[in-house]
Amino acid sequence: MKNANGKVVDAYKENKIPKNRTYILGTDYLGRDLFARILYGTRLSLIIAFLAALVDLAIGLPYGIISGWLGGTVDIVLQRLIEIISAVPKMIIAILLMLVLKPGLSSIILSIVFTGWIPMARLIRGQTLHLRQQEYLQAALTMGISPLRLTFKHLIPNLSSTIIIQTMFSIPSAIFFEAFLSFIGIGIPAPNASLGTLLSDGQKAFRFLPYQMWEPALVLCVLMLAFNFAADGLRDIFDPKV
């Protein structure tokens with residue numbers, strides 16, 4: 001490595017790094033351990049994805065059950081509201097939130113959650129419309145069981161497969177969206193690390209040090225494939241036709 005005067009210097013010696021210290025995946029442009037930053041970035045991306053999935057579930061599940069069970073005018077109004085929200089691109093929502101809030105964990109989760117619950121709500125609504133025609137639910141209503149008890153005792157257990165599968169599919173989607181926001185510079189701010197910021201930093205030095213971009217990209221691909229394969233497996237397990 002050369003300094004400003006063109007003299008070759010040992011960057012590790014200049015920073016007083018012990019000789020027996022090794023970096024498994026090398027270092028970034030500031031000499032930081034890339035392996036440690038990838039671990040930290042993966043943890044942060046997973047936290048965002050799981051929080052977004054939980055909030056999607058908390059909003060989409062009751063929204064879909066109410067829309068499908070009540071039907072009629074309530075269903076029409078709730079579905080028109082979904083169409084209005086889904087018509088707004090995620091990127092525009094994310095940029096507007098960044099203008100109102102500071103870039104960081106909360107603003108990313110809010111931008112993901114704003115429209116992320118819609119697929120869950122639509123799937124739950126469709127399943128609820130099918131389940132409410134079943135004879136055992138009609139019998140339960142005839143016996144005078146309250147709607148709240150009916151929901152927890154009959155609807156949610158029968159919707160569990162749809163809930164689990166859609167939640168598993170929403171996690172990789174949230175991971176990729178967070179990585180994209182951080183990659184273009186409106187996600188997790190420096191010096192915090194996420195997979196998106198590591199990809200952005202690696203892209204700057206890709207011509208000379210390509211490993212700085214390939215390594216977080218490989219981790220991102222493995223995460224996406226792992227959750228998608230897990231969701232496909234769960235879908236096959238819960239499919240009554242199999």
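Residues numbered from 1 in each chain as written. Predicted model: local features only at pLDDT ≥ 70, side-chain atom pairs only at ≥ 80, totals over all residues. Heavy atoms only, no water.

### Examining the UniProt feature "transmembrane region" (unreviewed entry) in the protein chain
Stated precisely, the cut-off is as follows: UniProt positions are given in the numbering used here, feature names are shortened, and annotations may be inferred rather than shown by experiment. Starting at the N terminus, helices and strands are each numbered in turn, a helix being any DSSP run of H or I of at least four residues and a strand any DSSP run of E of at least two.
Residues given the UniProt feature "transmembrane region" (unreviewed entry) here are residues 44-65, 164-188 and 208-231. In this annotation, residues 164-188 is assigned 80% helix and 0% strand; the end-to-end C-alpha distance for the span is 28 Å. Secondary structure over residues 208-231 splits into 88% helix and 0% strand, and the C-alpha atoms at its two ends are 38 Å apart.

### Concerning the pattern of salt bridges
Filter applied, for reference: The salt bridge criterion pairs a side-chain nitrogen of Lys or Arg with a carboxyl oxygen of Asp or Glu, the two atoms within 4 Å. Accessibility here uses a 1.4 Å probe with only protein chains present; expressed as a share of the type maximum, an area under 20% marks a residue as buried, one over 50% as exposed, and anything in between as partly exposed.
Using the criterion set out here, one finds 2 salt bridges in the structure. One salt bridge in this structure joins D75 and R125, with 2.7 Å as the shortest N-O distance. Taken as a pair, D75 in helix α3 (residues 72-86) and R125 in helix α6 (residues 118-131) lie far apart in primary sequence, 50 residues in all. Residue R125 is classed as partly exposed on the basis of its relative accessible area of 22%. The partner of R80 in a salt bridge is E83, and the shortest N-O contact between them spans 2.9 Å. Of this pair, R80 and E83 both sit in helix α3, 3 residues apart, which is roughly one turn of the helix.

### What about the environment of I186?
Stated formally: Contacts are residue-level and defined by heavy atoms, with any inter-residue pair within 4.5 Å sufficient.
Mapping I186 onto the fold places it in the loop between α8 (147-183) and α9 (195-204). Along the backbone, I186 and T197 are 11 residues apart, and their C-alpha atoms lie at a distance of 9.8 Å. Not counting residues within four places of it along the chain, the set of residues in contact with I186 comprises M91, I95, M98 and L181.

### Considerations on the packing of helix α2 (residues 34-70) against α8
Defined as follows: Note on geometry: axes are lines fitted to C-alpha atoms, helical ones only across the stretch in contact, with angles between N-to-C directions running from 0 to 180 degrees. For this classification, under 35 degrees means roughly parallel, over 145 means roughly antiparallel, 65 to 115 means roughly perpendicular, and everything else is oblique. Left-handed is the label given to a crossing in which the near helix is rotated counterclockwise from the far helix by less than a right angle, and right-handed is the label when the rotation is clockwise. Gly is placed with the polar residues, together with every amino acid not listed as nonpolar (Ala, Val, Leu, Ile, Met, Phe, Trp, Tyr, Cys and Pro) or charged (Asp, Glu, Lys and Arg).
Two elements in contact, α2 and α8, have axes separated by 8 Å at closest approach and are oriented at 140°. By the angle between their directions, the pair α2 and α8 is classed as oblique. When you trace α2 past α8, the crossing you get is right-handed. Taking contact as the criterion, the partners of S45, L46, I48, A49, F50, A52, A53, D56, L57, L61, I65 and W69 in α2 are, on α8, L150, T151, L155, I156, L159, I163, T167, S170, I171, A174, I175 and E178. Taken together, the residues that form the contact of α2 with α8 break down as 18 nonpolar, 4 polar and 2 charged.

### Some thoughts on the environment of I112
Within the secondary structure, I112 is located in helix α5 (residues 105-116). Spatially, the C-alpha atom of I112 lies 9.8 Å from that of I175, the residues being 63 residues apart in sequence. If we skip the residues at most four places from it in the chain, I112 touches I48, A52, A174 and F177.

### Let's talk about the environment of I163
Tracing the chain through its elements places I163 in helix α8. I163 sits in the buried class, given a relative accessible area of 12%. Between the C-alpha atom of I163 and that of L123, which follows or precedes it by 40 residues, the distance is 8.7 Å. Among residues more than four places away in sequence, those in contact with I163 are L57, L61, M120, I124 and I156.

### Quick look at the nonpolar core
What counts here: The nonpolar core is taken to be a set of buried Ala, Val, Leu, Ile, Met, Phe, Trp, Tyr and Cys residues, with the residues joined through side-chain atoms within 4.5 Å.
Counting residues in each nonpolar core, the largest one holds 27 residues, and the members touching the most others are I48, I108, I112, I171, I175, L220 and F227. Within the residue set of this core, elements represented by two or more residues are α2, α4 (90-100), α5, α8, α9 and α10 (211-238). In terms of residues, this core owes the most to one element, α8, which gives 7 residues. For F227, the contacting residues outside a window of four places in its chain are L46, F50, M168, I171, P172 and I175. In terms of nonpolar packing, the next biggest core, distinct from the first, is built from 13 residues, M120, L150, L159 and I163 among them.

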